[in-house]
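# Descriptive analysis of the structure
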Amino acid sequence: MYEGWTVPLEYDPLLAKLVGYGSDREQAIMRLRRALDECFVAGIKTNISLFQRILRDPDFQAAKLDTGYLERLLAKESIAAGSAAEPAVAAIAAGLFAVLETQTPDRKNGNAGAVASPISKWKEAGRSEALR
């Protein structure tokens, strides 16, 4: 992978794996939910929201699974897809990051007055996608 590279669809699932464990199914699901809630990927589309929806689903939590599970889940209306304030919070956070990044001193090289290095193309793509 490199900056500006387009991830082919057949490789997208291979970029990262998340494995959850616990003393029982409930604890493993709780750990996976927390990990996915804390996960942030910029620059590419992910299926994190699908996995969050699966982990919230009562049938999945009760292990009522079969080959038609995913099709039934996708046919249901989205389960409380987050609060209405989330887009506003994301926009405010993006604005703060943009302002702070241009004003951050380059402390690694001891230049307190220097401006931070330019934004990477990955960050730029992630931010523009999030603002749509």
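Structure: see above.
A short tour of the structure in this document, coming up.

Scanning the protein from N- to C-terminus turns up 6 helices and 2 strands. Listing each helix as α and each strand as β along the protein from the N terminus yields α-α-α-α-α-β-β-α. Looking at the protein as a whole, 16% of its 132 residues are labelled buried. Taking the intrachain contacts of the protein between residues at least 6 apart in sequence as the baseline, contacts between residues at least 24 apart amount to 38%. Summed over its atoms, the accessible surface of the protein is roughly 10400 Å², and 59% of this surface lies on carbon and sulfur atoms.

Turning to helix 2 (residues 48-56), a few remarks are in order. Those residues of helix 2 not exposed but buried are Ile-48, Gln-52, Arg-53, Ile-54 and Leu-55. Residues of helix 2 that are buried sit in contact with helix 1 (25-38), helix 3 (58-61) and helix 4 (69-75).

It is worth spelling out unusual backbone geometry at this point. Backbone geometry at Ala-63 places phi at a positive 60°, although glycine is not the residue there. Along the chain, the position of Ala-63 falls in the loop between helix 3 and helix 4. Take Ala-63: its relative accessible area is 43%, and that puts it in the partly exposed class.

Attention now goes to the environment of Gln-52. Here Gln-52 is to be found in helix 2. The sequence separation of Gln-52 and Arg-34 amounts to 18 residues, and the corresponding C-alpha distance is 9.4 Å. Residue contacts for Gln-52: discarding those within four places in its chain leaves Leu-36 and Asp-37. One polar contact links the side chain of Gln-52 to the main-chain carbonyl oxygen of Leu-36, over a distance of 3.3 Å.

All right, on to the packing of aromatic side chains then. According to the stated counting rule, one finds 1 aromatic pair in the structure shown. Both rings, one in Phe-60 and one in Tyr-69, keep their centres 6.5 Å apart while their planes meet at 45°; by these two values the pair is tilted. Of the two residues, Phe-60 and Tyr-69, neither departs from the other in class, the shared state being buried. Over the ring of Phe-60 we find Arg-25; its NZ or CZ atom is 4.7 Å from the centre of that ring. The ring of Tyr-21 is capped by Arg-31, whose NZ or CZ atom sits 4.5 Å from the centre of that ring.

With that out of the way, let us pick up the pattern of salt bridges. Any two side chains of opposite charge can pair, on the condition that their charged atoms come close. Inspection of every chain in the model, using the stated rule, returns 4 salt bridges. Asp-59 serves as the salt-bridge partner of Lys-76, at 3.8 Å between the closest nitrogen and oxygen. Of the two residues, Lys-76 sits in the loop between helix 4 and helix 5 (86-103) while Asp-59 sits in helix 3, which places them 17 residues apart along the sequence. Overall, Lys-76 belongs to the partly exposed group, its relative accessible area being 36%. Overall, the relative accessible area of 26% leaves Asp-59 in the partly exposed class. Taken together, the shared-partner salt bridges connect Asp-57, Asp-59 and Lys-76 into one network.

What follows deals with the nonpolar core. Core analysis: the largest hydrophobic core is formed by 9 residues, namely Ile-29, Leu-32, Leu-36, Ile-48, Ile-54, Leu-55, Phe-60, Tyr-69 and Leu-73. Going through the elements one at a time, helix 1, helix 2 and helix 4 are the ones with two or more residues in this core. Sequence-distant contacts of Ile-54, defined by excluding residues within four places in its chain, comprise Phe-60, Tyr-69, Leu-70 and Leu-73.

Calculation criteria
- Residues numbered from 1 in each chain as written.
- Predicted model: local features only at pLDDT ≥ 70, side-chain atom pairs only at ≥ 80, totals over all residues.
- Heavy atoms only, no water.
- Helix = DSSP H or I, 4+ residues; strand = E, 2+ residues; numbered from the N terminus.
- Buried < 20%, exposed > 50% of the residue type's maximum accessible area, 1.4 Å probe, protein only.
- Contact = heavy atoms within 4.5 Å.
- Areas by Shrake-Rupley, 256 points an atom, 1.4 Å probe, with all protein chains shown as cover.
- Polar contact = N/O pair within 3.5 Å; in protein donor to acceptor, adjacent residues only side chain to side chain.
- Phe/Tyr/Trp six-rings, centres within 6.5 Å; stacked < 30°, edge-to-face > 60°.
- Lys NZ or Arg CZ within 6 Å of the ring centre and 35° of its normal.
- Salt bridge = Lys/Arg side-chain N within 4 Å of Asp/Glu carboxyl O.
- Core = buried A, V, L, I, M, F, W, Y, C linked by side-chain atoms within 4.5 Å.

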